[in-house]
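Here are the chains, one letter per residue:
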Amino acid sequence: MQAMIQFPDLSPEIFSISLGSFEFALRWYALAYITGIVIAWRLAVTALRRPALWPAHQPPMKPQQVEDLLTWIILGVILGGRLGFVLFYQPAYYMAHPAEILKIWQGGMAFHGGLIGVVLATLIYAARHNIPKLQIADLVAHTVAPGLLLGRLANFINAELWGRPTDLPWGVAFPGQAAQDCGQALGELCARHPSQLYEALMEGLILGALLLYLAWRRNAFHTPGRLLGVFLAGYGLARFIVEFFRQPDAQFVSPGNPLGLAWHMGGFGLTQGQALSLPMIAIGLYFLLRARRTARSTA
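Residues numbered from 1 in each chain as written. Predicted model: local features only at pLDDT ≥ 70, side-chain atom pairs only at ≥ 80, totals over all residues. Heavy atoms only, no water.

Asker: For the pairing of strand 2 (residues 13–19), give the residues involved together with the corresponding values.
Answerer: Relative to strand 3 (residues 22–27), strand 2 is paired through 6 bridges, and the arrangement is antiparallel. Opposite L19, over in strand 3, you have F22 as the bridge partner. The loop that links strand 2 with its antiparallel partner strand 3 comprises 2 residues; one of these, G20, has a positive phi angle of about 65 degrees. (Pairing = 2+ DSSP bridges. Helix = DSSP H or I, 4+ residues; strand = E, 2+ residues; numbered from the N terminus.)

Asker: Report on the nonpolar core, specifying residues and quantitative values.
Answerer: Residues M61 and F231 are the most contacted members of the largest nonpolar core, which totals 37 residues. With 6 residues, helix 9 (residues 226–242) is the single largest residue contributor to this core. Setting aside residues up to four positions removed in sequence, M61 forms contacts with L48, V66, L69, Y125, I131, I136 and L139. (Core = buried A, V, L, I, M, F, W, Y, C linked by side-chain atoms within 4.5 Å. Buried < 20%, exposed > 50% of the residue type's maximum accessible area, 1.4 Å probe, protein only. Contact = heavy atoms within 4.5 Å.)

Asker: Explain the packing of helix 2 (residues 66–88) against helix 4 (residues 111–128) residue by residue, including any values.
Answerer: Relative orientation of the contacting elements helix 2 and helix 4 amounts to 145 degrees, with a least axis distance of 6 Å. Regarding helix 2 and helix 4, the two cross each other, and that crossing is right-handed. Between helix 2 and helix 4, the contacting residues are D68, L69, W72, I73, G76, V77, G80, G81, G84 and F88 on the first element and H112, G113, G114, I116, G117, V118, A121, T122, I124, Y125 and R128 on the second. Within the contact of helix 2 with helix 4, the residues separate by chemical class into 10 nonpolar, 9 polar and 2 charged. (Axes fitted to C-alpha atoms, helices over the stretch in contact; angles between N-to-C directions. Left-handed = near helix turned anticlockwise from the far one by under 90°. Nonpolar A, V, L, I, M, F, W, Y, C, P; charged D, E, K, R; others polar.)

Asker: Residue-level account of the pattern of salt bridges, with values.
Answerer: For the coordinates displayed, the defined rule picks out 5 salt bridges. A salt bridge links E203 to R152; the shortest N-O distance between them is 3.4 Å. Of this pair, E203 sits in helix 8 (residues 195–217) while R152 is found in helix 6 (residues 145–157), placing the two residues 51 residues apart along the sequence. When its relative accessible area of 10% is taken as the criterion, R152 is described as buried. Residue E199 pairs with R246 through a salt bridge whose shortest N-O separation is 3.1 Å. In this pair, E199 is assigned in helix 8 and R246 in the loop between helix 9 and strand 5 (263–265), connecting sequence segments 47 residues apart. The same class applies to E199 as to R246, namely buried. One connected set of salt bridges, linked through shared partners, spans R152, E199, E203 and R246. (Salt bridge = Lys/Arg side-chain N within 4 Å of Asp/Glu carboxyl O.)

Asker: Describe in detail unusual backbone geometry, supporting the description with residues and values.
Answerer: Phi is positive for A159, close to 55 degrees, though the residue is something other than glycine. If you trace the backbone, A159 turns up in the loop between helix 6 and strand 4 (172–173). Here A159 falls in the buried class, since its relative accessible area comes to 15%. The phi torsion at L161 lies on the positive side, around 55 degrees, for a residue other than glycine. Note that L161 resides in the loop between helix 6 and strand 4. On the basis of relative accessibility, which here comes to 34%, the residue L161 falls in the partly exposed class.

Asker: Describe in detail the state of the cysteines, supporting the description with residues and values.
Answerer: Going through the model one piece at a time under the given rule, you end up with 1 disulfide. There is a disulfide in this structure between C182 and C190, and the S-S distance comes to 1.8 Å. One disulfide, between C182 and C190, carries an S-S torsion of -75 degrees and so falls in the left-handed class. By relative accessible area, which is 25% here, C182 ends up partly exposed. (Disulfide = S-S within 2.5 Å.)

Asker: Give a detailed account of the packing of aromatic side chains, specifying residues and quantitative values.
Answerer: Per the stated rule, a full pass over the model turns up 15 aromatic pairs. Relative to Y94, the ring of F85 has its centre 6.2 Å away and its plane inclined at 75 degrees; by these criteria the two rings are edge-to-face. Of the two residues examined, F85 and Y94, each falls in the buried class. For the pair Y93 and Y94, a centre-to-centre distance of 5.1 Å together with 85 degrees between the ring planes defines the contact as edge-to-face. Note on Y93: relative accessible area 36%, which makes it partly exposed. Since its relative accessible area comes to 8%, Y94 is described here as buried. In textbook terms, an aromatic cluster arises when at least three aromatic residues are bridged by ring pairs, as seen for F85, Y89, Y93, Y94 and F252. Here the guanidinium or amino end of R42 rests over the ring plane of W41, the centre of that ring lying 4.8 Å away. (Phe/Tyr/Trp six-rings, centres within 6.5 Å; stacked < 30°, edge-to-face > 60°. Lys NZ or Arg CZ within 6 Å of the ring centre and 35° of its normal.)

This is the structure:
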């Protein structure tokens, strides 16, 4: 019998309260968002309160401004994440059902869309308040990973975004008909890669530790664009790798395309997540090279 890990008895809800016909529930995914935002806020404020971390000992903004910036970023995450999912993953469906776009409580958010939303929100805020764009981008970039870590752990608790079938001993038998539809023999369980945990480790823990180390121990804020480049290239690379193990969205899977490749020719190609990650890697490398040239010119 294949070795595997049974999915633990976890509920997506932490608790729920019923008041007549109204029911309020706090979910792990919502708590992950809230906690990630709070951690990002505290990291940003702490960094701004240490002038020695910044070029010429001049932080790009006041600590009190972080709360206003967070409001813009939250809007960017929600609007960008939802529109990214609509445009990148299910455009035909939402063109036929435009009213469904507003129903974000039914799920459907894309990280790459959320990232674009955050970038636009940050750029607008920086322009309105005359803040150096690369410095504020570095500030934001070094705070994101804890939220990614918590979000991926919440994905695991929700038993969603699981991976492809595997016979490795750490494969997880996720609940639900969709997760168990692996073409296995009748009565047998299907084990899948816990790709949410892979992402939590790579995008959250490892990338986050690297960004904090560079920011607080290697004076990375002194070279504007360096932390932004590390985050973009690091996340893009991690997501590109994890896509080999992550189950693609159902709309990309077909009898002739069992790997769910969104862009392919002759059996070779990229998943949608990989296609969206390549520009991130390229842009991240550009900012890293730019920061390196800047550091050399000022040395």
